[in-house]
Amino acid sequence: MPCLALVSSNTSSTLTFGSTTNQQTISASSLPTYTNITVDNTNVSGVTVSGGAKIQMTGALAITNGKFTTDTLALTGTTAQTVTLTPAASEINVQNFRLSNAAGVTFSGSGFMNVSNRIGFGAINSGTIASAGRINLKSSATNTSRVADITNGGLNTGNAISGNVTVERFLPARRAWRFLTAPITQATPSKLNTTWKTIVDIVGPSGSPNLTQVKPFHNFLEYNSAGDSWTNVEDPNAIDLTGTTHNKAFGAFIPGPLATADNTSANVTLSSTGALLTGDKSFTSSFASGKYILIPNPYASPVNLETIFTGSTGINPLGTIYTWDPRLGGGSGTGGYITIQRNSVNNFTITGGATGQKEFVQSGQAFFVQANASTQNIVFTEAAKSRRDSVVV
């Protein structure tokens, strides 16, 4: 039988869950605040906060063994806090993680905190989440985790997430093309060969190096705006997954994970590790008017296209953005274009078929804009972030 640790909302509580193989539970029906929590528990469920409760902490959270699970974890101290995940198998599983401590938090260890819904900042300035590679933004068939507006609508400044974070993008089973991106940067960019090619097949005709399989066609493409044409990814060991200051976009035909059989499909989750893109981001270019440019969503968050239309230059503010919906084309189709026409403020006409695409671009999704001047500056701001998640990609 599980061992229940019934804990009050004592704001000075320090909880230590000693070595045990029993499940342990914090019974918290309100919003308790704890100073420190230490978990040493090898039960498959570890230590859980019951009833989907939210908890606040002002001190250190240490997982020396096992798992700790709660709906929301908010760090609300006034001095620097720490989260330690000592062994590689240790886990913190939360839906929401919030830093409300301007002194910041530092992660360390070999385990991971899995965030299934949202990372955000409270009403603070200059708070830093030093992730040290210990944070995973999870993605599933029902939800993709996001990083909310770190400025809280422009009310706060200086908040940041430093260090590497792993970002997932769930792709439902479909033999279809998609416009994809990894919403990260890397100081030394990794190649497709050592990143996405370890999760999905990158194929092409005989003679192309470093492919997982030989197929009649290339299934990874880059867009050449100067020639308004697609370019094959012939050698995944020659193509970077992302850049040092901006992310990249690809057209990709992904039926499922590695070695998915011909004429079949399966769910697959891409993952990418690097520094999150936050703050204002601009994609500048100098293509002739009329050319199409494939733009990656830089954020690990959905974005509202209204702010992209109004904040950018070199595109028509009452123009059209083009996305690709892999669900179009019938049961055996490979997807189709969706046009998102901006008519006026927050008024859009979306055409292309029965689709879940709205005026929001998802985390991991890319889209086309069309130049109407000789220089372009496509601008993303934190205010563009949205909570409108879908699995349209």
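The structure this text deals with has already been given above.
Analysis parameters
- Residues numbered from 1 in each chain as written.
- Predicted model: local features only at pLDDT ≥ 70, side-chain atom pairs only at ≥ 80, totals over all residues.
- Heavy atoms only, no water.
- Helix = DSSP H or I, 4+ residues; strand = E, 2+ residues; numbered from the N terminus.
- Rg over C-alpha atoms; globule rule 2.2 N^0.38 Å.
- Buried < 20%, exposed > 50% of the residue type's maximum accessible area, 1.4 Å probe, protein only.
- Salt bridge = Lys/Arg side-chain N within 4 Å of Asp/Glu carboxyl O.
- Pairing = 2+ DSSP bridges.
- Axes fitted to C-alpha atoms, helices over the stretch in contact; angles between N-to-C directions.
- Polar contact = N/O pair within 3.5 Å; in protein donor to acceptor, adjacent residues only side chain to side chain.
- Contact = heavy atoms within 4.5 Å.
- Core = buried A, V, L, I, M, F, W, Y, C linked by side-chain atoms within 4.5 Å.
- 1 Å grid on protein atoms, 1.4 Å probe; cavity = no way out; pocket = protein on both sides within 12 Å on 5 of 7 lines; lining within 4 Å.
- Points joined across faces, edges and corners; volume = space filled by probe spheres on them.
- Nonpolar A, V, L, I, M, F, W, Y, C, P; charged D, E, K, R; others polar.

### With respect to the overall build of the chain
Stage number 1. When you go through the chain residue by residue, the secondary structure sums to one helix and 34 strands.
Stage number 2. In summary, the chain has a C-alpha radius of gyration of 22 Å against a globular reference of 21 Å for 393 residues, a match within 12%.
Stage number 3. Dimensions along the principal axes, computed over C-alpha positions, put the chain at roughly 65 × 45 × 40 Å.
Stage number 4. Looking at the 393 residues of the chain, the share that counts as buried comes to 51%.

### Some remarks on the pattern of salt bridges
Stage number 1. Evaluation of the coordinates by the stated rule reveals seven salt bridges.
Stage number 2. Two residues, aspartate 262 and lysine 215, come together in a salt bridge whose shortest N-O distance is 2.7 Å. Placement of aspartate 262 in the loop between β24 (249-253) and β25 (268-276) and of lysine 215 in the loop between β21 (213-214) and β22 (220-224) is noted, with a sequence separation of 47 residues between them.

### With respect to the sheet that holds β24
Stage number 1. Reading across from one edge, β18-β24-β22-β23 is the order of the four strands in this open sheet, with antiparallel pairing throughout. The open sheet has two edge strands, β18 (177-181) and β23 (229-232), and neither has a second partner. Averaged over all pairs of adjacent strands, the angle between strand axes in this sheet comes to 40°, irrespective of strand direction.

### Here we look at the side chain of serine 272
Stage number 1. Here serine 272 shows up in strand β25.
Stage number 2. At 3.0 Å, the side chain of serine 272 and the side chain of tryptophan 196 are in polar contact.
Stage number 3. What serine 272 contacts, discounting residues up to four positions off in sequence, is Val165, Thr166, Val167, Ala182, Ile184, Trp196 and Leu241.

### Considerations on the pairing of strand β34 (residues 376-380)
Stage number 1. Among the five residues of β34, four are classified as buried, and the element is accordingly described as predominantly covered.
Stage number 2. In terms of strand pairing, strand β26 (residues 281-285) meets β34 through five bridges, oriented antiparallel. Bridged to threonine 284 within β34 is asparagine 377.

### Focus on the side chain of glutamine 186
Stage number 1. When you line up the elements, glutamine 186 lands in the loop between β19 (184-185) and β20 (203-204).
Stage number 2. Reaching out from glutamine 186, the side chain makes a polar contact with the backbone oxygen of threonine 273 at a distance of 2.8 Å.
Stage number 3. Contact partners of glutamine 186, with chain neighbours within four places excluded, come to Thr242, Gly243, Thr244, Thr273 and Gly274.

### Describing the pairing of β23
Stage number 1. Pairing geometry for β22 and β23, over four bridges, is antiparallel. Paired with glutamate 222 across the two strands is threonine 231, which belongs to β23.
Stage number 2. In textbook terms, the turn of a hairpin is the stretch between consecutive antiparallel strands, and for β22 and β23 this stretch comprises four residues, one of which, aspartate 228, has a positive phi near 45°.

### What about the nonpolar core?
Stage number 1. Of all hydrophobic cores here, the largest spans 59 residues; its most connected members are Ile37, Phe68, Phe97, Ile129 and Phe220.
Stage number 2. Setting aside residues up to four positions removed in sequence, isoleucine 129 forms contacts with Phe97, Leu99, Val105, Phe107, Ile119, Phe121, Ile135, Ala160, Ile161 and Ser162.

### Focus: the environment of serine 110
Stage number 1. By the element assignment, serine 110 lies in the loop between β11 (105-109) and β12 (112-121).
Stage number 2. On a C-alpha basis, the gap between serine 110 and alanine 88 in space is 4.4 Å, while along the polypeptide they are 22 residues apart.

### Looking at empty space enclosed by the protein
Stage number 1. Per the counting criterion, the structure on display carries one cavity of 30 Å³ or more.
Stage number 2. The calculated volume of the largest cavity comes to roughly 70 Å³.
Stage number 3. If you list the elements that add at least two residues to the lining of the largest cavity, you get β17 (164-171), β18 and β25.
Stage number 4. Considering only residue class, the lining of the largest cavity consists of six nonpolar, five polar and two charged.

### With respect to the layout of surface pockets
Stage number 1. Taken as a whole, the largest pocket holds about 270 Å³ of empty space.
Stage number 2. Lining the largest pocket are 15 residues, and of these Tyr223, Ala249, Ile293, Leu294 and Pro296 lie nearest its centre.
Stage number 3. Counting only elements with at least two residues in the lining of the largest pocket, the list comes to β22, β26 and β27 (292-296).
Stage number 4. By residue number, the principal contributor to the lining of the largest pocket is β27, which donates four residues.
Stage number 5. Broken down by class, the residue content of the lining of the largest pocket amounts to nine nonpolar, four polar and two charged.
Stage number 6. Quantified by volume, the second largest pocket comes out at close to 210 Å³.

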